[in-house]
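Examination of the molecular architecture
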Amino acid sequence: MLVSEILAIKGKVLYTIAPSRSMAEAVAIMTEQDVGSLVVFSQGQMTGMLTFREVLQAVHKGGAGWAEMPVEAAMLPGPMIASPDMEMDALRRLMVDHHQRYLPVMDGTTLMGVVSFHDVAKAVLEEQSFENRMLKNYIRNWPREPGEEDEK
């Protein structure tokens, strides 16, 4: 399965934020949209990624003033990215090796979407379920040998 297929199943709704915006604004967007990450864009270029992990680090580091902290101060700059033609196994390896639960999917300089570890797990389950149904169907319709009788 390709990353583009995972995006097709999940949908391609994008949530972005400017690096100059406040952490309070970022948290409001993440909460209202029920998302775990925002892609940080400045002048049409991806500059970073903000996930709940970076938000918690900002709260810890910023103390009472965390809400006014700019997103740029808390974001993960230059996150690893996935390409639409990447195989799911390579995507999983990239996410695990770099300890990223969310990866932006870029086609050149165009943001195509964001895949989460949850999206990958869901895709694996759907793929395994499909294969399981196909195997059961194949076994159920196994060709009989000449002279073989039905078991009852």
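All residue numbers here refer to positions counted from 1 along the written sequence of the relevant chain. Totals for whole chains, interfaces and linings use all residues, but because this is a predicted model, local features are given only for residues with pLDDT of at least 70 and pairs of side-chain atoms are given and counted only at 80 or more. For side-chain calculations, the full set of non-hydrogen atoms in the structure is used, while hydrogens and water are omitted.

What follows is about the nonpolar core. Throughout, nonpolar core names a set of buried Ala, Val, Leu, Ile, Met, Phe, Trp, Tyr and Cys residues whose side chains join them through atoms within 4.5 Å. Burial classes follow relative accessibility: with a 1.4 Å probe on protein chains only, a residue under 20% of its type's maximum area counts as buried, one over 50% as exposed, and anything between as partly exposed. Counting residues in each nonpolar core, the largest one holds 15 residues, and the members touching the most others are Val-3, Ala-82, Leu-91, Leu-103 and Val-115. Helix and strand definitions follow DSSP, with helices as H or I runs of at least four residues and strands as E runs of at least two, each counted in order from the N terminus. Elements with a minimum of two residues in this core: helix 1 (3-10), helix 5 (88-97), strand 5 (102-107) and helix 6 (117-140). With four residues, helix 5 is the single largest residue contributor to this core. Counting residues in each nonpolar core, the second largest holds 13 residues, with Met-23, Leu-50, Met-69 and Met-75 among its members.

Take the pattern of salt bridges next. Think of a salt bridge as a Lys or Arg side-chain nitrogen and an Asp or Glu carboxyl oxygen that are within 4 Å of each other. Scanning all chains against the criterion turns up four salt bridges. Between Asp-89 and Arg-92 there is a salt bridge, with the nearest N and O atoms lying 2.4 Å from each other. Taken together, the residues Asp-89 and Arg-92, both in helix 5 and three residues apart, mark about one turn of the helix. Between Arg-93 and Asp-97 there is a salt bridge, with the nearest N and O atoms lying 3.2 Å from each other. Remark: Asp-97 and Arg-93 occur in helix 5; sequence separation between them is four residues, near one turn of the helix.

Burial in helix 1 covers these residues: Val-3, Ile-6 and Leu-7. One face of helix 1 carries all of its buried residues, which in axial projection span an arc of 100°. The directions considered for the arc run from the helix axis to the C-beta atoms.

A surface patch of like charges, here negative, comprises Glu-5, Asp-85, Glu-87 and Asp-107. Inspection of the secondary structure puts Asp-107 in strand 5. Here, patches come from residues exposed beyond 30% relative accessible area and free of salt bridges, joined within 9 Å for like charges and within 5 Å for nonpolar side chains (Val, Leu, Ile, Met, Phe, Trp, Tyr). The protein chains shown are the only cover counted for residues, whose accessible areas, like all others here, come from Shrake-Rupley with a 1.4 Å probe. For this count, His and the chain ends are skipped, Lys and Arg are scored as positive, and Asp and Glu as negative. For the purpose of locating charges, the reference atoms are NZ of Lys, CZ of Arg, CG of Asp and CD of Glu.

The four strands lie next to each other as 1-2-3-4, forming an open sheet whose pairing is mixed. Of all strands in the sheet, those with a lone pairing partner are strand 1 (16-17) and strand 4 (76-77), marking the two edges. As paired elements, strand 1 and strand 2 (residues 37-42) share two bridges and run parallel to each other. Looking at strand 2, one finds that Thr-16 is bridged to Val-39. Any two strands between which DSSP finds at least two bridges are classified as paired.

Let us now look at the packing of aromatic side chains. Each aromatic ring pair is summarised here by two numbers: the centre-to-centre distance and the angle between the ring planes. We call Phe, Tyr and Trp rings a pair once their centres come within 6.5 Å, taking the six-membered ring for Trp, and we label the pair stacked below 30 degrees between planes, edge-to-face above 60, and tilted otherwise. For the coordinates displayed, the defined rule picks out one aromatic pair. Between Phe-52 and Tyr-102 the ring centres are 6.1 Å apart and the planes differ by 85°, which places this aromatic pair in the edge-to-face class. Here Tyr-102 lies in strand 5 and Phe-52 lies in helix 3 (residues 52-62), a separation of 50 residues in the sequence. Under the relative-accessibility criterion, Tyr-102 is labelled buried at 15%.

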